[in-house]
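Observations on chain architecture
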Amino acid sequence: MENKKIIFPELFFTDKNLVGRDVCKISRNLSDLKGIFADVEAFEKMPQDKLAYEVSSFLPEKEGTPGGLYFGITYLYPGKVGNEYMMTKGHYHASIDRAEFYWGLEGEGMLILMDEQRNVWAERVFPGSLHYIPGGVAHRMANVGSSLFSFAACWPSDAGHNYAEIAEKGFSARLIEVNGIPHLI
Ligand SMILES: O=P(O)(O)OC[C@H]1O[C@](O)(CO)[C@@H](O)[C@@H]1O
Ligand SMILES: [Fe+2]
């Protein structure tokens, strides 16, 4: 496993109620991403316990609290399934109008975006790039490099996640490697 260059920021707050709140860590293996890649045969040949990405989050408010904010860093490992880049599950927010910031930290990525009319576009993500994801726009990150890609996110604590819509219908375009270059097809 590669060493992470980006470590989670040190937490500072003056609200005594937040003291002792821990950073919450989740990880997703390939098996958690079943159904999102086009090449099912290639997917099934890969070790299902392979780590795809890890997310460390600071979630100071109870989920659903209006006015609060969440912060997280996602560490997305490199790799491909067939010729499709390793990517996050992707989601709309359950409260569909909630926006989010994504901020590139290390490595090379692409942010894939899809509005409610299913129009898809992508933005290149690199260390220091900042991406504003408006409400109503589904978002997914892909690692298009050969090393660890990490990015920070900040989103409202009442945004929630709607994974079901993406699980059912997917995005209307995929990020595929053609002659070594990512193409949205
Ligand atoms: O939730 P997904 O689609 O697995 O993607 C992970 C990233 O998205 C978030 O859910 C925020 O949008 C974070 O937890 C993390 O940055
Ligand atoms: Fe989000």
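Just so it is clear, the structure is predicted and the values come from calculations on it, not from any experiment. (Residues numbered from 1 in each chain as written. Chains lettered and ligands numbered in written order. Predicted model: local features only at pLDDT ≥ 70, side-chain atom pairs only at ≥ 80, totals over all residues. Heavy atoms only, no water.)

1. Here we look at the overall build of the chain
What counts is decided by this rule: Runs of E in the DSSP output that reach at least two residues are strands. Runs of H or I that reach at least four are helices, and both are numbered from the N terminus. As defined in this context, the radius of gyration uses C-alpha atoms, and a globule is described by 2.2 Å times the residue total to the power 0.38. Residue burial is assigned from relative accessible area. The probe radius is 1.4 Å, only protein chains are included, and a residue is buried under 20% of its type maximum, exposed over 50%, and partly exposed in between. Only heavy atoms enter the contact rule, under which two residues are in contact if any of them lie within 4.5 Å. Only the protein chains shown count as cover for residues, and all accessible areas are computed by the Shrake-Rupley method using a 1.4 Å probe. For the purpose of counting charges, residues Lys and Arg are taken to be positive, whereas Asp and Glu are taken to be negative. His and the chain ends are not included. Note that the charge is assigned to NZ on lysines, CZ on arginines, CG on aspartates and CD on glutamates.
When helices and strands are tallied, the chain shows two helices and 13 strands. Over its C-alpha atoms the chain spans a radius of gyration of 16 Å, differing by no more than 12% from the 16 Å that the globule rule assigns to 185 residues. The 185 residues of the chain split such that 44% are buried. For the chain, the proportion of contacts with a sequence separation of at least 24, taken over those separated by at least 6, is 71%. Within the structure as shown, the chain displays about 9,800 Å² of accessible surface, and the carbon and sulfur contribution to it stands at 53%. Charge-centre separation for the chain: the mean point of 18 positive side chains lies 2 Å from the mean point of 24 negative side chains.

2. Some words on the confidence of the model for the chain
Cut-off, in case you're wondering: Values of pLDDT, ranging from 0 to 100, describe the predictor's confidence in every residue of the model.
Per-residue confidence for the chain averages 95 on the pLDDT scale, and 97% of its residues sit at or above 70. Under the prediction, the complex receives an ipTM of 0.94, its pTM being 0.95.

3. Considering the pairing of strand β2 (residues 51-58)
In the case of a regular strand, side chains alternate between the two sheet surfaces. The condition that has to hold: Should DSSP find at least two bridges between two strands, the strands are regarded as paired.
With respect to burial, β2 is a largely interior element, seven of its eight residues being buried. Direction of pairing for strand β1 (residues 24-29) relative to β2: antiparallel, over a ladder of six bridges. Note on β2: the bridge partner recorded for Ser27 is Glu54.

4. Points about the site of ligand 1
Put simply, the rule is: Throughout, the term near means that a residue has one or more heavy atoms lying within 4 Å of the molecule or strand in question. Two N or O atoms count as a polar contact when they lie within 3.5 Å, although within protein this holds only if one can serve as hydrogen donor and the other as acceptor, and sequence-adjacent residues are included solely when both atoms are side-chain atoms.
The local shell around ligand 1 holds 16 residues, among which Tyr53, Thr74, Glu100, His161 and Tyr163 are the closest. The separation between an oxygen atom of ligand 1 and a polar side-chain atom of His91 is 2.9 Å. Measuring from an oxygen atom of ligand 1, one finds a side-chain N or O atom of His161 at 2.7 Å. Look at ligand 1: alone it shows 380 Å² of surface, and the protein chains cover 96% of it.

5. A closer look at the UniProt feature "domain: Glucose-6-phosphate isomerase prokaryote" (unreviewed entry) in the chain
The line we're drawing: UniProt positions are given in the numbering used here, feature names are shortened, and annotations may be inferred rather than shown by experiment.
Mapped onto this numbering, the UniProt entry annotates "domain: Glucose-6-phosphate isomerase prokaryote" (unreviewed entry) at residues 28-179. Split by type, residues 28-179 is 8% helix and 41% strand. Its first and last C-alpha atoms lie 29 Å apart.

6. Focus on the coordination of the iron ion (ligand 2)
Operational definition: Nitrogen, oxygen and sulfur within 2.8 Å of a metal are treated as its donors, or within 3.2 Å for sodium, potassium and calcium (Na, K, Ca); water is not counted, so a site can appear incomplete.
Coordination sphere of the iron ion (ligand 2), protein contribution only: His91 (NE2), His93 (NE2), Glu100 (OE) and His139 (NE2), at 2.0 to 2.2 Å. One chain supplies every donor for the iron ion (ligand 2), spaced along it as H-x1-H-x6-E-x38-H. Of this pair, His91 sits in the loop between β5 (84-85) and β6 (100-106) while His139 sits in strand β10 (residues 138-143), and the two are 48 residues apart along the sequence. On the basis of relative accessibility, which here comes to 8%, the residue His91 falls in the buried class.

7. Quick look at the sheet that holds β10
For clarity, the threshold we go by: Here, axes are lines fitted to C-alpha atoms. For helices the fit covers the stretch in contact, and angles between N-to-C directions go from 0 to 180 degrees.
Taking strand neighbours across the sheet as the criterion, the three strands line up as β8-β7-β10 in an open arrangement whose pairing is antiparallel. Bordering the open sheet on either side are β8 (120-125) and β10, each of which pairs with just one other strand. Strand-to-strand twist in this sheet, taken as the mean axis angle between neighbours without regard to direction, amounts to 25°. Note: strand β7 (residues 109-114) against β10, six bridges, orientation antiparallel. Paired with Met110 across the two strands is Ala142, which belongs to β10.

8. A word on the side chain of Ser129
By secondary structure assignment, the location of Ser129 is in the loop between β8 and β9 (130-133). By relative accessible area, Ser129 is classed as buried at 5%. In contact with Ser129, other than residues within four places in its own chain, are Tyr102, Trp103, Gly104 and Arg124.

9. Focus: the pairing of β7
Most of β7 sits inside the fold, with six of its six residues counted as buried. In β7, alternate side chains face the same way, and those of Gly109, Leu111 and Leu113 on one face and Met110, Ile112 and Met114 on the other are all buried. Sheet topology places β7 next to β8; six bridges connect them, and they run antiparallel. Along β8, the bridge assignment pairs Met110 with Arg124. Connecting β7 to the next strand, β8, in antiparallel fashion are five residues, including Arg118 with a positive phi near 70°.

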